[in-house]
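Here are the chains, one letter per residue:
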Amino acid sequence: MISSIVFDVGNVLLDYNPRRVIRRLGGDAAAEEAVMAALFDAPEWIRGDEGTIAQQEMIEAAVSRIPQYEELARQAFQQWVFDMTPIAGMEQLVEELREKGLPLYLLSNFGVRFFDICDRLPLLSQMDGRIISCEWKLLKPQPEIYRLLLQKFRLSPEETLFIDDRPENIEGAKREGMQGQLFTGANELRARLAAEGLLD
(Lines give C-alpha, C1' and ligand atoms only; values in the text may rest on other atoms or scores of the structure.)
Protein backbone atom coordinates (compact mmCIF):
# COMPACT_ATOMS: atom_id res chain seq x y z
CA MET A 1 0.00 0.00 0.00
CA ILE A 2 1.24 3.49 -0.90
CA SER A 3 -0.11 6.40 1.14
CA SER A 4 2.33 9.18 0.11
CA ILE A 5 4.52 9.98 -2.89
CA VAL A 6 7.86 11.80 -2.96
CA PHE A 7 9.29 13.33 -6.13
CA ASP A 8 12.76 14.39 -7.11
CA VAL A 9 12.76 17.65 -9.11
CA GLY A 10 15.44 17.62 -11.82
CA ASN A 11 14.64 15.20 -14.66
CA VAL A 12 11.56 13.93 -12.84
CA LEU A 13 9.23 16.91 -12.54
CA LEU A 14 11.31 19.42 -14.50
CA ASP A 15 13.66 18.99 -17.43
CA TYR A 16 17.24 19.80 -16.39
CA ASN A 17 19.46 20.29 -19.44
CA PRO A 18 22.24 22.88 -19.07
CA ARG A 19 23.75 21.77 -22.38
CA ARG A 20 20.68 23.16 -24.11
CA VAL A 21 21.22 26.51 -22.40
CA ILE A 22 24.86 26.65 -23.47
CA ARG A 23 23.94 25.87 -27.08
CA ARG A 24 21.16 28.47 -27.08
CA LEU A 25 23.67 31.05 -25.91
CA GLY A 26 25.83 30.30 -28.93
CA GLY A 27 28.32 27.83 -27.52
CA ASP A 28 29.88 25.40 -29.98
CA ALA A 29 30.79 21.81 -29.13
CA ALA A 30 34.12 22.75 -27.55
CA ALA A 31 32.55 25.50 -25.46
CA GLU A 32 29.74 23.21 -24.39
CA GLU A 33 32.12 20.59 -23.08
CA ALA A 34 34.30 23.18 -21.37
CA VAL A 35 31.43 24.90 -19.55
CA MET A 36 29.86 21.60 -18.55
CA ALA A 37 33.14 20.34 -17.07
CA ALA A 38 34.11 23.61 -15.37
CA LEU A 39 30.70 24.52 -14.00
CA PHE A 40 27.84 22.02 -14.07
CA ASP A 41 29.92 18.88 -13.53
CA ALA A 42 32.42 20.49 -11.16
CA PRO A 43 32.83 19.73 -7.43
CA GLU A 44 31.46 23.18 -6.59
CA TRP A 45 28.14 22.28 -8.15
CA ILE A 46 27.69 19.46 -5.67
CA ARG A 47 28.67 21.81 -2.85
CA GLY A 48 26.03 24.22 -4.14
CA ASP A 49 23.40 21.51 -3.82
CA GLU A 50 24.77 20.84 -0.35
CA GLY A 51 24.46 24.51 0.59
CA THR A 52 28.10 24.81 1.62
CA ILE A 53 29.32 27.32 -0.99
CA ALA A 54 28.14 30.74 -2.12
CA GLN A 55 26.83 31.19 -5.64
CA GLN A 56 29.49 33.79 -6.42
CA GLU A 57 32.23 31.41 -5.34
CA MET A 58 30.81 28.72 -7.61
CA ILE A 59 30.92 30.85 -10.75
CA GLU A 60 34.31 32.35 -9.96
CA ALA A 61 35.78 28.87 -9.58
CA ALA A 62 34.33 27.92 -12.95
CA VAL A 63 35.57 30.95 -14.89
CA SER A 64 39.02 30.59 -13.38
CA ARG A 65 39.23 27.23 -15.17
CA ILE A 66 37.93 28.46 -18.52
CA PRO A 67 38.73 32.19 -18.86
CA GLN A 68 38.28 31.92 -22.63
CA TYR A 69 34.59 31.10 -22.05
CA GLU A 70 33.99 33.43 -19.13
CA GLU A 71 31.03 35.32 -20.59
CA LEU A 72 29.34 32.16 -21.79
CA ALA A 73 29.80 30.50 -18.40
CA ARG A 74 28.40 33.51 -16.55
CA GLN A 75 25.36 33.70 -18.81
CA ALA A 76 24.69 29.96 -18.53
CA PHE A 77 25.02 30.18 -14.75
CA GLN A 78 22.39 32.91 -14.64
CA GLN A 79 19.93 31.29 -17.02
CA TRP A 80 19.99 27.51 -16.49
CA VAL A 81 17.35 27.36 -13.78
CA PHE A 82 14.85 29.41 -15.80
CA ASP A 83 15.22 26.92 -18.65
CA MET A 84 13.73 24.16 -16.50
CA THR A 85 10.22 23.34 -17.69
CA PRO A 86 7.78 20.55 -16.74
CA ILE A 87 8.50 17.15 -18.23
CA ALA A 88 5.80 16.03 -20.64
CA GLY A 89 2.88 14.44 -18.84
CA MET A 90 3.99 15.23 -15.32
CA GLU A 91 1.73 18.22 -14.65
CA GLN A 92 -1.35 16.17 -15.48
CA LEU A 93 -0.14 13.15 -13.52
CA VAL A 94 0.56 15.23 -10.40
CA GLU A 95 -2.81 16.95 -10.68
CA GLU A 96 -4.56 13.57 -10.86
CA LEU A 97 -2.73 12.41 -7.75
CA ARG A 98 -3.72 15.61 -5.94
CA GLU A 99 -7.34 15.03 -6.91
CA LYS A 100 -7.08 11.56 -5.34
CA GLY A 101 -6.04 13.23 -2.10
CA LEU A 102 -2.57 11.68 -1.93
CA PRO A 103 0.02 13.64 0.06
CA LEU A 104 2.83 14.71 -2.29
CA TYR A 105 6.35 15.81 -1.34
CA LEU A 106 9.65 16.91 -2.85
CA LEU A 107 13.06 15.48 -2.00
CA SER A 108 15.71 17.06 -4.20
CA ASN A 109 19.41 17.79 -4.42
CA PHE A 110 19.11 21.44 -5.40
CA GLY A 111 20.94 24.65 -4.58
CA VAL A 112 19.48 28.00 -3.60
CA ARG A 113 18.37 28.67 -7.18
CA PHE A 114 15.41 26.39 -6.40
CA PHE A 115 13.82 29.37 -4.69
CA ASP A 116 14.07 31.43 -7.89
CA ILE A 117 11.49 29.17 -9.54
CA CYS A 118 9.52 27.33 -6.86
CA ASP A 119 6.75 29.91 -6.45
CA ARG A 120 6.02 30.29 -10.16
CA LEU A 121 5.70 26.59 -10.93
CA PRO A 122 2.65 24.80 -9.45
CA LEU A 123 4.49 21.49 -9.76
CA LEU A 124 6.80 22.74 -7.03
CA SER A 125 4.71 25.18 -5.04
CA GLN A 126 1.63 23.02 -4.51
CA MET A 127 3.36 20.11 -2.80
CA ASP A 128 2.46 19.22 0.77
CA GLY A 129 6.07 19.50 1.92
CA ARG A 130 9.65 19.53 0.71
CA ILE A 131 13.19 18.71 1.66
CA ILE A 132 15.64 20.69 -0.49
CA SER A 133 19.23 19.64 0.10
CA CYS A 134 20.79 23.10 0.37
CA GLU A 135 18.51 24.00 3.29
CA TRP A 136 19.68 21.04 5.34
CA LYS A 137 23.27 20.57 4.12
CA LEU A 138 22.50 16.98 3.24
CA LEU A 139 22.55 15.18 -0.09
CA LYS A 140 20.92 12.10 -1.55
CA PRO A 141 21.80 9.29 -1.19
CA GLN A 142 22.99 10.05 2.36
CA PRO A 143 20.71 8.14 4.74
CA GLU A 144 20.15 11.20 6.91
CA ILE A 145 18.22 13.06 4.22
CA TYR A 146 15.69 10.25 3.81
CA ARG A 147 15.34 9.94 7.58
CA LEU A 148 14.76 13.69 7.81
CA LEU A 149 11.99 13.46 5.21
CA LEU A 150 10.28 10.59 7.00
CA GLN A 151 10.53 12.18 10.43
CA LYS A 152 9.60 15.73 9.41
CA PHE A 153 6.43 14.69 7.63
CA ARG A 154 5.68 11.63 9.79
CA LEU A 155 5.68 9.28 6.84
CA SER A 156 5.53 5.52 7.08
CA PRO A 157 8.54 4.38 5.00
CA GLU A 158 6.94 1.19 3.72
CA GLU A 159 3.94 3.22 2.49
CA THR A 160 6.04 5.96 0.86
CA LEU A 161 6.98 5.79 -2.82
CA PHE A 162 10.09 7.76 -3.83
CA ILE A 163 10.57 8.66 -7.50
CA ASP A 164 14.00 9.66 -8.79
CA ASP A 165 15.98 9.47 -12.02
CA ARG A 166 19.17 8.18 -10.41
CA PRO A 167 19.46 4.53 -9.32
CA GLU A 168 21.75 5.33 -6.39
CA ASN A 169 19.13 7.65 -4.92
CA ILE A 170 16.45 5.00 -5.26
CA GLU A 171 18.70 2.50 -3.50
CA GLY A 172 19.31 4.98 -0.71
CA ALA A 173 15.57 5.31 -0.17
CA LYS A 174 15.08 1.57 -0.19
CA ARG A 175 17.74 1.15 2.47
CA GLU A 176 15.56 3.32 4.72
CA GLY A 177 12.56 1.10 4.06
CA MET A 178 10.88 3.18 1.38
CA GLN A 179 9.52 1.97 -1.92
CA GLY A 180 11.24 3.27 -5.04
CA GLN A 181 10.52 3.92 -8.69
CA LEU A 182 13.26 4.83 -11.16
CA PHE A 183 11.86 7.57 -13.37
CA THR A 184 12.12 6.92 -17.11
CA GLY A 185 9.10 8.94 -18.23
CA ALA A 186 5.57 9.94 -17.29
CA ASN A 187 3.98 7.00 -19.09
CA GLU A 188 6.03 4.41 -17.23
CA LEU A 189 5.36 6.13 -13.91
CA ARG A 190 1.65 6.31 -14.67
CA ALA A 191 1.63 2.56 -15.34
CA ARG A 192 3.27 1.86 -11.96
CA LEU A 193 0.83 4.12 -10.13
CA ALA A 194 -2.14 2.58 -11.92
CA ALA A 195 -0.90 -0.89 -10.98
CA GLU A 196 -0.82 0.28 -7.35
CA GLY A 197 -4.43 1.44 -7.66
CA LEU A 198 -3.50 5.10 -7.28
CA LEU A 199 -4.65 6.21 -10.73
CA ASP A 200 -7.51 5.11 -12.91
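Residues numbered from 1 in each chain as written. Predicted model: local features only at pLDDT ≥ 70, side-chain atom pairs only at ≥ 80, totals over all residues. Heavy atoms only, no water.

Attention now goes to the overall build of the chain. Secondary structure summary: the chain contains 12 helices and five strands in total. The C-alpha atoms of the chain give 18 Å as radius of gyration, which agrees with the globular expectation for 200 residues (16 Å, within 12%). Overall, the chain is about 55 × 30 × 30 Å in size when its C-alpha atoms are taken along their principal axes. Taking all 200 residues of the chain together, 50% fall into the buried category. (Helix = DSSP H or I, 4+ residues; strand = E, 2+ residues; numbered from the N terminus. Rg over C-alpha atoms; globule rule 2.2 N^0.38 Å. Buried < 20%, exposed > 50% of the residue type's maximum accessible area, 1.4 Å probe, protein only.)

Following Lys140, the chain continues to Pro141 via a peptide bond in cis, the omega torsion being 5°. Residue position: Pro141 is located in the loop between helix 9 (133–136) and helix 10 (143–152). With a phi close to 65°, Asn11 is a non-glycine residue in the positive phi region. Its place among the elements puts Asn11 in the loop between strand 1 (4–7) and helix 1 (18–24).

It is worth spelling out the pairing of strand 1 at this point. Side chains Ser4 and Val6 project from strand 1 onto one buried face, and the interleaved Ile5 and Phe7 project onto a second face that is buried too. Bridging between strand 1 and strand 4 (residues 160–164) involves four bridges; their strand directions are parallel. Of the residues in strand 4, the one forming a bridge with Ser4 is Thr160. (Pairing = 2+ DSSP bridges.)

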